[in-house]
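Chains, contacts and geometry: an overview
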Amino acid sequence: MSPLFRRRKHDAEPDDASPTTEPSSEPTTAGPDDERGPWDVSDVPGLGARLDLGALRVPARPGLELRMEVEKTSRQVVAASLTAAGSSLQVQALAAPRTDGLWEELRTEIAASVTQQGGTADEVEGPFGPELLARLPVRTADGRTGHRPARFIGVDGPRWFLRGVLSGRAAVDPDAATLLEDVFADIVVVRGQEARAPRDVLALRMPGATDAAAPATAGEPPVLPDPLTRGPEITETR
């Protein structure tokens, strides 16, 4: 088994513990112990310079475009994509068990899925730990099959898992990936205290909305948006 999420003081709290809700004056680029995120809301309770998307609080940075991914059947907002300078980062949060992470298991499943579709996936070590460097099959304009690179990154947090997919220049150029890696590291996950089955998608909402979308049905596999396609979207430039 791979190492679990970084142990922090809130990991020992009981299930019914309430997260801190008082504002924080901390800058959004640093955590309480100068560790690298992503963060749990108990570590960074203040919104700061972030967009409130429900289960995720995403840094608002100059030049970033935000697009919300909507699942076609349920119309539920299931992921958010951030785009800048020819690269994109798609993020999605899932509920996870208290004692076991999801990323080791999900890496195996993602690699198998990519391979079955005619692509390749290699496990490498990245800035957030083990990740997958994949070549995803795509249909070219002339009808032939090509491949597009993508990096699947993940972090196991306290009872949540955050998955990211980097595509475009960020998938192959470390310098081009720096901005979006920093954004991923500065995301705050708001899991909530309610009981959830592992892999339940944590509900997102459009920027400025007051009510989050309904959570995914307990026990069903997570809706993992296809990074090869663009779904219904809302674009916001910051």
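Look up a bit, the structure's there.
Quick look at the structure, then. Because the structure is a prediction, the values reported are computed rather than measured.

1. Structural notes on the sheet that holds strand 1 (residues 39–40)
- Strands sit in the order 1-11-3-2 across an open sheet of four strands; the sheet is mixed. Sheet topology places strand 1 and strand 2 (50–52) at the edges, where each strand pairs with a single neighbour.
- Note that strand 3 (residues 56–59) and strand 11 (residues 188–189) share two bridges and pair antiparallel. Paired with Leu-56 across the bridge in strand 11 is Val-189.

2. As for the side chain of Ser-42
- Structurally, Ser-42 is set in the loop between strand 1 and strand 2.
- In terms of polar contacts, Ser-42 uses its side chain to reach the side chain of Asp-40, at 2.7 Å.

3. Observations concerning the pairing of strand 6 (residues 87–95)
- In terms of burial, strand 6 is a largely internal element, nine of the nine residues being buried.
- In strand 6, alternate side chains face the same way, and those of Ser-87, Leu-89, Val-91, Ala-93 and Ala-95 on one face and Ser-88, Gln-90, Gln-92 and Leu-94 on the other are all buried.
- The pairing of strand 5 (residues 77–84) with strand 6 spans five bridges and is antiparallel. Bridge pairing links Ala-80 to Val-91 in strand 6.
- Strand direction decides the pairing type here: strand 6 and strand 10 (residues 160–168), joined by nine bridges, are antiparallel. Looking at strand 10, one finds that Ser-87 is bridged to Gly-168.

4. Points about the pattern of salt bridges
- For the coordinates displayed, the defined rule picks out 13 salt bridges.
- In this structure, Glu-109 engages Arg-199 in a salt bridge whose closest nitrogen and oxygen atoms are separated by 2.6 Å. On the criterion of sequence distance, the pair formed by Glu-109 in helix 1 (residues 103–116) and Arg-199 in the loop between strand 11 and strand 12 (235–237) is long-range, its members being 90 residues apart.
- Classification of Glu-109 by relative accessible area gives partly exposed; the value is 38%.
- Between Arg-169 and Asp-173 there is a salt bridge, with the nearest N and O atoms lying 3.7 Å from each other.
- Looking at Arg-169, the relative accessible area reads 44%, which means it is partly exposed.
- According to the relative accessible area criterion, Asp-173 is partly exposed, its value standing at 25%.
- A single salt-bridge network, built from bridges that share partners, covers Arg-50, Arg-61 and Asp-186.

5. What about the nonpolar core?
- Judged by nonpolar contacts, the single largest core of 33 residues is most densely connected at Leu-56, Val-91, Leu-162 and Phe-184.
- Those elements giving two or more residues to this core turn out to be strand 3, strand 4 (65–70), strand 5, strand 6, strand 9 (145–157), strand 10 and helix 2 (174–185).
- At five residues, the largest contribution of residues to this core is made by helix 2.
- Aside from chain neighbours lying at most four places away, what touches Leu-56 is Leu-51, Val-91, Ala-93, Leu-162, Ile-187, Val-188, Val-189 and Leu-204.
- With 16 residues, the next largest nonpolar core counts Leu-106, Leu-132, Phe-161 and Val-201 among its residues.

6. Some thoughts on unusual backbone geometry
- Cis rather than trans, the peptide bond between Gly-37 and Pro-38 has omega equal to 10°.
- Along the polypeptide, Pro-38 turns up in the segment before strand 1.
- If you check the backbone angles, Arg-75 has positive phi at about 65° while not being a glycine.
- With respect to the secondary-structure elements, Arg-75 resides in the loop between strand 4 and strand 5.
- Positive phi is not limited to glycine here, since Arg-159 has a value of about 70°.
- Locating Arg-159 in the fold gives a position in the loop between strand 9 and strand 10.

7. Examining the side chain of Glu-71
- Looking at the secondary structure, you find Glu-71 in the loop between strand 4 and strand 5.
- Despite its burial, Glu-71 pairs with no opposite charge, the nearest such side chain being Arg-75 at 8.0 Å.
- Side-chain polar atoms of Glu-71 contact the backbone nitrogen of Ser-74, separated by 2.7 Å.

Thresholds applied
- Residues numbered from 1 in each chain as written.
- Predicted model: local features only at pLDDT ≥ 70, side-chain atom pairs only at ≥ 80, totals over all residues.
- Heavy atoms only, no water.
- Pairing = 2+ DSSP bridges.
- Helix = DSSP H or I, 4+ residues; strand = E, 2+ residues; numbered from the N terminus.
- Polar contact = N/O pair within 3.5 Å; in protein donor to acceptor, adjacent residues only side chain to side chain.
- Buried < 20%, exposed > 50% of the residue type's maximum accessible area, 1.4 Å probe, protein only.
- Salt bridge = Lys/Arg side-chain N within 4 Å of Asp/Glu carboxyl O.
- Core = buried A, V, L, I, M, F, W, Y, C linked by side-chain atoms within 4.5 Å.
- Contact = heavy atoms within 4.5 Å.
- Lys, Arg positive; Asp, Glu negative; His and termini not counted.

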